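Coordinate analysis (summary)
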Amino acid sequence: MRMFKDLLGLEGLSPDEIRHILQTAKPMKDVLLRPVKKLPTLRGKAVYTLFYEASTRTKTSFEMAAKVLGADAVNIGVSQSSVNKGESLLDTAKTLQAMQTDLIIIRHSSSGAAGFLARHLEAGVINAGDGQHEHPTQALLDIFTMREKLGDLNGKKVIIVGDVLHSRVARSNVWGLTKLGAEVVLVGPPTLLPPEMSALGVKLSYDLDRELPGADVVMALRLQLERQQAGLFPSLREYSRSYGLDRARLRATGKDTLILHPGPMNRGVEIASDLADGPQGMVEEQVTNGVAVRMAVIYLLMGGTTNVVA
Amino acid sequence: MWWLKNVYAVDPAGFSGRRDILIRGGKIEANAEGLSPEEVAERAGREPVETLNGEGKYLFPGLIDAHTHLREPGQEAKEDIASGAAAAVKGGFTSVVTMANTEPPVDSRGLVEFVRAQGVRAGLARVYPLGTVTKGMRGQELVEMLDLKEGGAVGFSDDGHNIQNSEVMRLALEYAKLTGLPIVSHSEDENLARGGAMHRGKAAARLGLKGIPSSAETIMVARDLMLAAETGGKLHLAHISCRESVQLIREAKERGLDVSAEVNPHHLLFTDRDVDLFNTSLKVNPPLRSEEDQEALLVGLLDGTLDMLATDHAPHVWEEKARPFSEAPFGIIGLETALAAVWQQLVVPGKLSPERLAEAWSLAPARRFGLPGGTLRPGSPADLVLFDPEWRERITPDNLASKAQNTPFLGQELRGFPTMVWVGGETVLRGRRLYPAGEGVRRE
């Protein structure tokens with residue numbers, strides 16, 4: 001197993017490396033479910049979150065993960081606008097280096113921003129979402145959730161539906177899922193699923209209903225409502241009719257298909273409440289698993305071996 | 001007087017072959033097959049003769065770069081005319097045409113004359129300014145084209161921006177007829193290109209970067225060709241990057257339009273597959289396109305559809321490029337590396353002849369912009385480049401004459417460099433060292 005300083009994406013990881021992270025997340029989840037959620041493992045280590053884009057759940061999830069492991073989690077406040085106004089990312093990186101940071105968790109609106117930071121820092125970097133590029137811990141928690149319910153994902157059919165073009169969640173999931181042998185189908189309107197998305201090496205489709213039969217997992221992506229203003233789809237109504245998930249439509253799978261959503265949900269747009277809150281809906285499981293997976297990633301990047309927390 | 005013995009002379013306006021060349025009084029004195037010492041002595045009269053053995057070397061007319069951004073006035077942290085002219089000479093360019101998108105833009109005669117004067121002060125390459133097409137590069141009112149021409153402008157361009165208003169472009173092509181100078185078009189539909197960081201294609205999809213589709217260029221190329229046809233105006237299309245544009249230009253030339261076009265070396269040497277999220281020196285506009293586009297560009301250069309090579313030398317401060325890809329500015333510097341890179345990657349493998357290279361980088365821009373040079377005929381100004389195809393040099397921040405270092409060749413060793421350069425018969429580069437002429441003593 002290679003030793004890593006950073007987790008920037010899933011594209012560059014091997015299937016075994018992905019499995020290793022997921023294996024490590026299992027005992028982490030056990031810790032999380034204990035009444036006393038605290039380990040001494042990373043006591044004295046400093047983990048910084050640096051979020052240039054608004055986020056509640058991802059940032060909280062990382063902070064929780066770091067704290068359960070015993071590390072000090074420090075939030076560096078940056079407003080969304082500071083990308084253009086404030087100091088450059090390079091100067092921020094130098095400042096963080098000078099603070100003797102052990103690990104930086106960054107979310108940024110530019111593809112490659114996490115990798116950029118990693119190249120300029122001795123500290124480790126976790127990509128919590130860079131532009132439209134990757135969001136590896138989201139994909140890892142999605143895959144962890146799927147494996148908990150379905151076991152081995154080899155040959156399982158996973159549909160990812162929505163704004164694939166702008167989605168780092170979709171990209172990371174495609175890399176991770178295909179490495180583990182799953183069959184991935186990307187579904188969305190042509191404006192959000194242009195032909196060049198075939199670069200990801202999976203099937204593209206505009207027709208959700210045709211793809212649903214046999215699907216083991218359907219993942220709805222969050223629809224950014226400003227895409228309508230940009231002319232990428234005509235209305236929420238038409239979008240929802242073509243690509244919104246609800247219980248009736250999902251009968252076509254012929255299975256107890258798992259429904260995933262990275263959150264926060266636009267209820268009634270990409271996903272109906274009956275489905276999100278029903279037994280097939282995994283949204284809350286995903287949140288719990290998110291902390292476990294992030295604990296595993298933080299732990300492994302800071303030099304841990306799996307048996308310490310078992 | 002210089003006696004260049006037995007050099008392989010490449011004259012795009014004449015013949016190529018082993019020649020003896022004499023340089024005297026700022027001009028090419030003789031270009032002949034094997035001169036005897038007696039003949040040379042007779043030509044020299046009382047002038048001392050410096051003899052140079054040209055065995056294994058090429059002699060080109062001084063290269064002319066039709067597309068450079070020397071950033072002065074206003075952005076001298078990126079480059080200035082002196083550093084840009086030094087970079088030009090180190091790369092074999094004895095003349096450069098400068099783009100007008102400075103701060104302020106070159107939209108008045110005074111600024112045209114300033115740029116020229118700075119070029120003369122630098123005493124290296126000849127500097128020929130373009131004026132803007134519109135005042136303040138705002139794409140609305142035309143500049144005083146006649147006055148700018150009298151001040152020394154060799155063409156007009158709002159390069160960096162496209163003139164989105166087709167009526168303004170039409171009027172520019174009409175009015176510029178008074179000057180006989182070309183309108184240089186930066187062909188880009190701003191709505192299609194907005195927010196893009198690289199070519200729209202599979203590589204962009206994989207990296208999660210917003211793409212600039214080929215149509216952003218071809219729509220404006222088509223428009224400008226239609227306007228040129230309608231007006232009979234003189235059009236030059238800058239930095240053509242995709243195959244559909246090449247085809248449009250080919251058809252326009254068959255119909256006899258007064259159109260010329262250029263291709264940048266980086267579009268011939270790199271594709272979007274070379275782009276990653278961290279090498280911002282490959283972030284350029286128009287973007288590096290697909291392999292099919294690259295092939296079409298080379299075919300276009302070979303068959304003359306694309307008349308000339310031009311670097312689009314676009315310097316930036318290091319910190320500006322040391323950013324995440326989508327935030328870094330567009331641009332590649334090329335003056336010091338372009339000839340070596342094109343030689344190594346296109347001429348050495350036999351894809352491009354030295355003759356076509358010299359034609360596309362000297363004669364073609366000379367003719368299009370009405371500049372001296374582009375030939376080795378006796379009597380022509382002695383703007384010359386002695387090129388050593390075996391000279392190796394590593395491209396480092398320390399040995400670049402440009403203030404900028406945003407080149408994809410940084411850290412690499414390239415092979416094939418000018419070892420001597422003459423401008424107007426004066427030696428400005430010798431053994432890779434610069435010899436600027438004294439302030440104001442030469443040219444104009």
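Quick caveat, the model's predicted, so the values are computed rather than measured.

1. Remarks on the sheet that holds strand β6 (residues 63-68) of chain B
Residue and element names in this part refer to chain B. Strands sit in the order β6-β7-β8 across an open sheet of three strands; the sheet is parallel. Of all strands in the sheet, those bounded by a partner on one side alone are β6 and β8 (126-129). Adjacent strand axes in the sheet meet at a mean angle of 20° when their direction is disregarded. Taken together, the four bridges between β6 and strand β7 (residues 93-98) define a ladder with parallel strand orientation. Counterpart to Ile64 in the pairing with β7 is Ser95.

2. Let's talk about the side chain of His239(B)
All names here are of chain B. Locating His239 in the fold gives a position in the loop between β13 (235-237) and α9 (243-254). Residue His239 is classed as buried on the basis of its relative accessible area, which comes to 3%. Side-chain polar atoms of His239 contact the side chain of His186, separated by 3.2 Å. Here His239 is in contact with His67, Asp159, His186, Ser187, Glu217, Glu262, Asn264, Asn285, Pro286 and Asp312, once residues within four sequence places are set aside.

3. So, the packing of aromatic side chains
All names here are of chain B. Summed over all chains, the structure comprises 12 aromatic pairs over all chains. Relative to Trp343, the ring of Tyr58 lies with its centre 4.9 Å away and its plane at 70°, an arrangement referred to as edge-to-face. Residue Tyr58 is found in strand β5 (residues 58-61), and its partner Trp343 is found in helix α13 (residues 338-347); the two are separated by 285 residues along the sequence. Residue Trp343 is classed as buried on the basis of its relative accessible area, which comes to 4%. Between the aromatic rings of Trp343 and Phe387, the centroid separation amounts to 4.6 Å while the plane-to-plane angle is 55°, which identifies the pairing as tilted. Here Phe387 lies in strand β16 (residues 384-394) and Trp343 lies in helix α13, a separation of 44 residues in the sequence. Like Trp343, the residue Phe387 is buried in the burial classification. Site record: aromatic cluster; members linked through ring pairs are Tyr8, Tyr58, Phe60, Trp343 and Phe387. Across the ring face of Trp3, the terminal group of Lys5 is positioned such that the distance to the ring centre comes to 4.6 Å. Over the aromatic face of Phe330 sits the side chain of Lys283, whose NZ or CZ is 4.7 Å from the ring centroid.

4. Observations concerning the pattern of salt bridges
Residue and element names in this part refer to chain B. This structure, assessed with the given rule, holds 37 salt bridges over all chains. For the salt bridge of Glu29 with Arg43, the shortest nitrogen-to-oxygen distance reads 3.3 Å. Of the two residues, Glu29 is situated in strand β3 (residues 27-32) and Arg43 in helix α1 (residues 37-44); the sequence distance between them amounts to 14 residues. Glu29 sits in the partly exposed class, given a relative accessible area of 22%. Between Arg109 and Glu113 there is a salt bridge, with its nearest N and O atoms 2.9 Å apart.

5. Topic: the domain arrangement of chain A
Residues and elements named next belong to chain A. Taken as a whole, chain A is organised into domain 1 (15-135 + 287-309) and domain 2 (136-285). Between domain 1 and domain 2, the C-alpha centre-to-centre distance is 25 Å. At the boundary of domain 1 with domain 2, total buried surface from both sides reaches about 2400 Å², with 58% on carbon and sulfur atoms. Summed over the shared surface of domain 1 and domain 2, the result is three salt bridges. A salt bridge links Glu148 to Lys29; its shortest N-O distance comes to 2.7 Å. Summed over the shared surface of domain 1 and domain 2, the result is 18 residue pairs in polar contact (both at pLDDT 80 or more). Those elements that provide at least two residues to the side of domain 1 that touches domain 2 are α1 (15-32), α2 (57-68), β3 (103-108), β4 (124-130) and α13 (283-301). Sorting elements by how many residues they give to the side of domain 1 that touches domain 2 places α1 first, with nine residues. The class makeup of the residues in the side of domain 1 that touches domain 2 is 10 nonpolar, 11 polar and nine charged.

6. Observations regarding unusual backbone geometry
Residue Gly263(A) is joined to Pro264(A) through a cis peptide bond whose omega torsion reads -10°. Mapped onto the fold, Pro264(A) is located in the loop between β9 (258-260) and α12 (273-276). Each neighbour pair has its own omega, and for Asn285(B) with Pro286(B) the value is -5°, a cis peptide bond. Looking at the element boundaries, Pro286(B) is found in the loop between α10 (265-269) and α11 (291-303). The phi dihedral of Asn6(B) falls on the positive side, at around 55°, and the residue is not glycine. Mapped onto the elements, Asn6(B) comes out in strand β1 (residues 2-10). Classification of Asn6(B) by relative accessible area gives partly exposed; the value is 27%. For Arg432(B), which is not a glycine, the phi torsion comes out positive at approximately 70°. In this fold, Arg432(B) is placed in the loop between β18 (426-430) and β19 (433-434).

7. Structural notes on the interface of chain B and chain A
Taken together, the 17 residues of chain B in the interface contact 22 residues of chain A. Across the interface of chain B and chain A, roughly 1600 Å² is buried in total on both sides, 61% from carbon and sulfur atoms. At the boundary of chain B with chain A, the tally comes to six residue pairs in polar contact (both at pLDDT 80 or more). Top contributing element to the side of chain B that touches chain A by residue count: helix α7 (residues 202-207) of chain B, with four residues. In the side of chain B that touches chain A, the residues fall into nine nonpolar, three polar and five charged.

8. Details of the pairing of strand β2 (residues 72-76) of chain A
Residue and element names in this part refer to chain A. As paired elements, strand β1 (residues 46-51) and β2 share five bridges and run parallel to each other. Across the sheet, the residue bridging to Leu50 is Ile76, located in β2. Each parallel crossover has a hand, and the one from β1 via α2 to β2 is right-handed.

About the cut-offs
- Residue indices begin from 1 for each chain and proceed along its sequence in written order.
- Naming scheme: in the order in which they are written, chains are lettered from A and ligands are numbered from 1.
- The model is predicted, so local features are restricted to residues of pLDDT at least 70 and side-chain atom pairs to those at 80 or more, both for listing and for counting; the totals for chains, interfaces and linings are taken over all residues.
- Side-chain numbers here rest on the full set of heavy atoms in the structure, without hydrogens or water.
- A pair of strands is labelled paired if DSSP reports no fewer than 2 bridges between them.
- Helical segments are the DSSP runs of H or I of at least four residues, strand segments are the runs of E of at least two, and each set is numbered from the N terminus.
- Axis lines are fitted through C-alpha atoms, for helices just across the contact stretch, and the angle between N-to-C directions can take any value from 0 to 180 degrees.
- The classification of residues rests on relative accessible area computed with a 1.4 Å probe and restricted to protein chains. Under 20% of the type maximum is buried, over 50% is exposed, and intermediate values are partly exposed.
- Two N or O atoms count as a polar contact when they lie within 3.5 Å, although within protein this holds only if one can serve as hydrogen donor and the other as acceptor, and sequence-adjacent residues are included solely when both atoms are side-chain atoms.
- Should any heavy atoms of two residues lie within 4.5 Å, those residues are considered in contact.
- Within 6.5 Å between ring centres, the rings of Phe, Tyr and Trp (the latter by its six-membered ring) count as paired, and their orientation is classed by plane angle as stacked under 30 degrees, edge-to-face over 60, tilted in between.
- Our definition puts a charge over a ring when NZ of Lys or CZ of Arg is within 6 Å of the ring centre and also within 35 degrees of the ring normal.
- Salt bridges are defined by distance alone: a side-chain nitrogen of Lys or Arg within 4 Å of a carboxyl oxygen of Asp or Glu.
- The domain boundaries here were taken from an automatic or database domain assignment.
- When two parts are brought into contact, each loses some accessible area as probed by a 1.4 Å sphere; the total of that loss over both is the buried area.
- In the scheme used here, Gly and all other residues not listed as nonpolar or charged are polar, with Ala, Val, Leu, Ile, Met, Phe, Trp, Tyr, Cys and Pro taken as nonpolar and Asp, Glu, Lys and Arg as charged.
- Crossovers are marked right-handed if the path from the first strand over the helix to the second runs clockwise, as seen with the strands pointing away from the viewer.

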